[in-house]
Amino acid sequence: MSTDTALANPVEYAYLITGILFIVGLRYLSSPKTARLGNRISAVGMLIAVVAVLTQGIANWYVIGAGLIVGGAVGIISAQRVKMTAMPQMVAIFNGAGGGAASLVAAGELLKYFNAGTTPTYDVSFTSVLTAAIGALSFAGSIIAFLKLQELMTGRPITYPGQQIVNAAILIVILGSWGMVVANAPNALDWFWVALVASFALGILFVLPIGGADMPVVISLLNSFTGVAAASTGFVLGNNVLIISGALVGASGTLLTFMMGKAMNRSVTNVLFGAFGSVQTTSGGSGAKAAQNVRSVSPDDVGALLAYADEVIIVPGYGMAVAQAQHSVRELEAQLEKRGIEVKYAIHPVAGRMPGHMNVLLAEANVPYTSLYDMDDINPEFERATVALVIGANDVTNPAARTDKTSPIYGMPILDVDKAENIIVLKRSMNSGFAGIDNPLFDNPKTAMLFGDAKKSLDGVVASVKAL
């Protein structure tokens, strides 16, 4: 056995252990009960991978040390200060950072050849451009997603005539430039920069026409892009752990993307190219039709209804996240359970702005994971529920998805809140949701509207229940 092989073996073993820990950690992340353990297992795997890399000889320890300190500080501060309601945008920005890092690494590897005056091999040039392009697209797209979620720019789709033609033209430029680099054409390095800039532009234009209602799907897809970029980086560097981890992220992100699309009864291509989320009001206008027979109630009215219920199903939505009302929801649950009332939570797959958004918020408020039910499990329960309490969940409770073939959400699986004995909807106003359409649920004789900030309204309901 050669000396090089003997020295390489410990590192390869470390990479193998890291890959196994990533797979096990991902498996545990599939359940709220074991998610925290899965996160810790994956973190240990990442630590092993970092240590293994650092043992292979570092050209500049000062740069590496500075990177570890700055990156660690950003991660720790973000984890401590970012509110759970802002978790989607943090996921978006961190995902973008991963794509950007992969792009920079690929560019650095390719530049080593050009700076040395040598011609990169076909496999190096092929994978380097692929990695840089996907990473730049993911980085730029994630930045736009962050700006939309942070409300630093409009969450509505930004469209213009011929946008698909423009995107197709940019894609052709990327592919053509990629081919020129691989073929080692004259000025190949310039063609690489063209591909990189075009990919960055495509990432921006790719996400601009996507509305806030589709952000769960977009975040999942961008996450899969970053995984593919990381795996491709592994081929560029000859690093097995990057290939394994990138493939896991890419595969899981892709599967989650299709699952989100299925939950909305829409294809991924429709999400990406349909500009869903634009205002598509029905004949009654935004909320006009539903406002005709709306019945408004006070927190005391809701408190009295809930206090004497047998079973209450709480339906959290983005309105709960905006109002940061998850702790008030938990307090209401505790007060109702003291009175012997059964309380369950109905979680729609695309409620909120990222996959699992509602689960994360409720976990922060220490809501037991056993109280959270997926849509398929909870829908049969609504017929037996005394009250369905809807907190800012608009489109995922819209009965038009079942009955109105002209509705843009027709066919989308929804939570069957309209089958409950009583329905209470908490909203700031009668404005429509991100789909921009009326919700017949508000016009249902069984429905009562509690208007106002969700947290203040729930605090009033809690006080009323306590007083009874």
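As the structure is a computational prediction, the values presented were derived from the model and not from experiment. (Residues numbered from 1 in each chain as written. Predicted model: local features only at pLDDT ≥ 70, side-chain atom pairs only at ≥ 80, totals over all residues. Heavy atoms only, no water.)

*Asks:* How should the environment of Thr447 be read in this particular structure?
*Replies:* By secondary structure assignment, the location of Thr447 is in strand S6 (residues 447-451). Residue classification places Thr447 among the buried residues on the basis of a relative accessible area of 1%. Between the C-alpha atoms of Thr447 and Val425, which are 22 residues apart in sequence, the distance is 7.2 Å. At 2.7 Å, the side chain of Thr447 forms a polar contact with the backbone oxygen of Leu441. (Helix = DSSP H or I, 4+ residues; strand = E, 2+ residues; numbered from the N terminus. Buried < 20%, exposed > 50% of the residue type's maximum accessible area, 1.4 Å probe, protein only. Polar contact = N/O pair within 3.5 Å; in protein donor to acceptor, adjacent residues only side chain to side chain.)

*Asks:* Would you take a moment to explain a nonpolar patch on the surface for this structure?
*Replies:* There is a patch of nonpolar side chains on the surface, built from Leu16, Ile20, Val24, Tyr28 and Leu37 and spanning about 420 Å² of accessible area. When residues in the nonpolar patch are grouped by element, the largest group, four residues, is from helix H1 (residues 3-28). Mapped onto the fold, Leu37 is located in helix H2 (residues 35-54). According to the relative accessible area criterion, Leu37 is partly exposed, its value standing at 44%. (Patch = residues over 30% accessible without salt bridge, like charges linked within 9 Å, V, L, I, M, F, W, Y side chains within 5 Å. Areas by Shrake-Rupley, 256 points an atom, 1.4 Å probe, with all protein chains shown as cover. Salt bridge = Lys/Arg side-chain N within 4 Å of Asp/Glu carboxyl O.)

*Asks:* Help me out: how do you make sense of the sheet that holds strand S3 (residues 372-374) in this one?
*Replies:* Strand pairing in a sheet takes place through backbone hydrogen bonds and is either antiparallel or parallel in direction. Pairing is parallel across the open sheet formed by six strands, whose spatial order is S3-S2-S1-S4-S5-S6. The open sheet has two free edges, formed respectively by S3 and S6, since each of these has just one partner strand. Taking each pair of neighbouring strands and ignoring which way they run, the sheet shows an average axis angle of 25 degrees. One ladder, built from five bridges, connects strand S5 (residues 422-427) with S6; its direction is parallel. Within S6, the position partnered with Leu426 by the bridge is Leu450. Contacts from helix H13 (residues 326-338) reach strand S1 (311-316), strand S2 (342-347) and strand S4 (387-391), with the element oriented near 150 degrees to S2. (Pairing = 2+ DSSP bridges. Axes fitted to C-alpha atoms, helices over the stretch in contact; angles between N-to-C directions. Contact = heavy atoms within 4.5 Å.)

*Asks:* Would you explain the packing of aromatic side chains in this entry?
*Replies:* Where two aromatic rings form a pair, the distance of their centres and the angle of their planes describe that pair. According to the stated counting rule, one finds four aromatic pairs in the structure shown. Ring centres of Phe126 and Trp178 lie 4.8 Å apart, and the angle between their planes is 45 degrees; on these two criteria the pair is classed as tilted. With a gap of 52 residues between them, Phe126 in helix H5 (residues 122-149) and Trp178 in helix H6 (residues 163-182) connect regions that are remote in the sequence. Its relative accessible area of 39% is what places Phe126 among the partly exposed residues. (Phe/Tyr/Trp six-rings, centres within 6.5 Å; stacked < 30°, edge-to-face > 60°.)

*Asks:* Honestly, the pairing of S5 in this entry has me stumped. Any pointers?
*Replies:* Taken residue by residue, a regular strand's side chains alternate between the two faces of the sheet. Burial within S5 is extensive, with five of its six residues counted as buried. As defined by bridge partners, S4 adjoins S5 across five bridges and the pair is classed as parallel. In the strand pairing of S5, Val387 is matched with Asn422.

*Asks:* Even after reading the chapter, I still don't get the confidence of the model for the protein chain, so can you show me in this structure?
*Replies:* A low pLDDT score tells you not to read the predicted coordinates there in detail. Per-residue confidence for the protein chain averages 84 on the pLDDT scale, and 89% of its residues sit at or above 70. Scored below 50 in pLDDT, residues 275-290 makes 47 contacts in the model with residues more than four places away or belonging to other chains. (pLDDT = per-residue confidence, 0-100.)

*Asks:* I would appreciate a short explanation of the packing of helix H11 (residues 299-307) against helix H17 (residues 454-467) in the present structure.
*Replies:* The relative placement of two packed helices comes down to the angle between their axes together with the axis-to-axis distance. Here H11 crosses H17 at 55 degrees, and the two axes come no closer than 8 Å. It follows that H11 is oblique to H17 by the angle criterion. Handedness of the H11/H17 crossing: right-handed. In this structure, H11 contributes Pro299, Asp300, Val302, Gly303, Ala304 and Leu306 to the contact, and H17 contributes Ser457, Gly460, Val461, Ser464 and Val465. Grouping the constituent residues of the contact of H11 with H17 by class yields six nonpolar, four polar and one charged. (Parallel < 35°, antiparallel > 145°, perpendicular 65-115°, else oblique. Left-handed = near helix turned anticlockwise from the far one by under 90°. Nonpolar A, V, L, I, M, F, W, Y, C, P; charged D, E, K, R; others polar.)

*Asks:* Please explain the nonpolar core as it appears in this structure.
*Replies:* For soluble globular proteins, the rule of thumb is that nonpolar side chains tend to be buried together. In terms of nonpolar packing, the biggest core is built from 53 residues, with Leu306, Leu332, Tyr345 and Leu389 touching the most fellow members. Those residues in contact with Leu332, other than ones at most four positions away along the chain, are Leu306, Leu389, Leu458, Val461, Val462 and Val465. In terms of nonpolar packing, the next biggest core, distinct from the first, is built from 27 residues, Met375, Val396, Ile414 and Val417 among them. (Core = buried A, V, L, I, M, F, W, Y, C linked by side-chain atoms within 4.5 Å.)

*Asks:* Would you mind showing me how to read the pattern of salt bridges here?
*Replies:* Where charged atoms from two side chains of opposite charge approach closely, those side chains can pair. For the coordinates displayed, the defined rule picks out twelve salt bridges. A salt bridge links Glu381 to Arg384; its shortest N-O distance comes to 2.6 Å. On the basis of relative accessibility, which here comes to 51%, the residue Arg384 falls in the exposed class. A salt bridge links Asp459 to Lys455; its shortest N-O distance comes to 3.2 Å. With Asp459 and Lys455 both in helix H17, this residue pair falls four residues apart, about one helical turn. If you follow the salt bridges from partner to partner, you end up with Glu311, Glu342, Lys344, Glu381 and Arg384 in one network.

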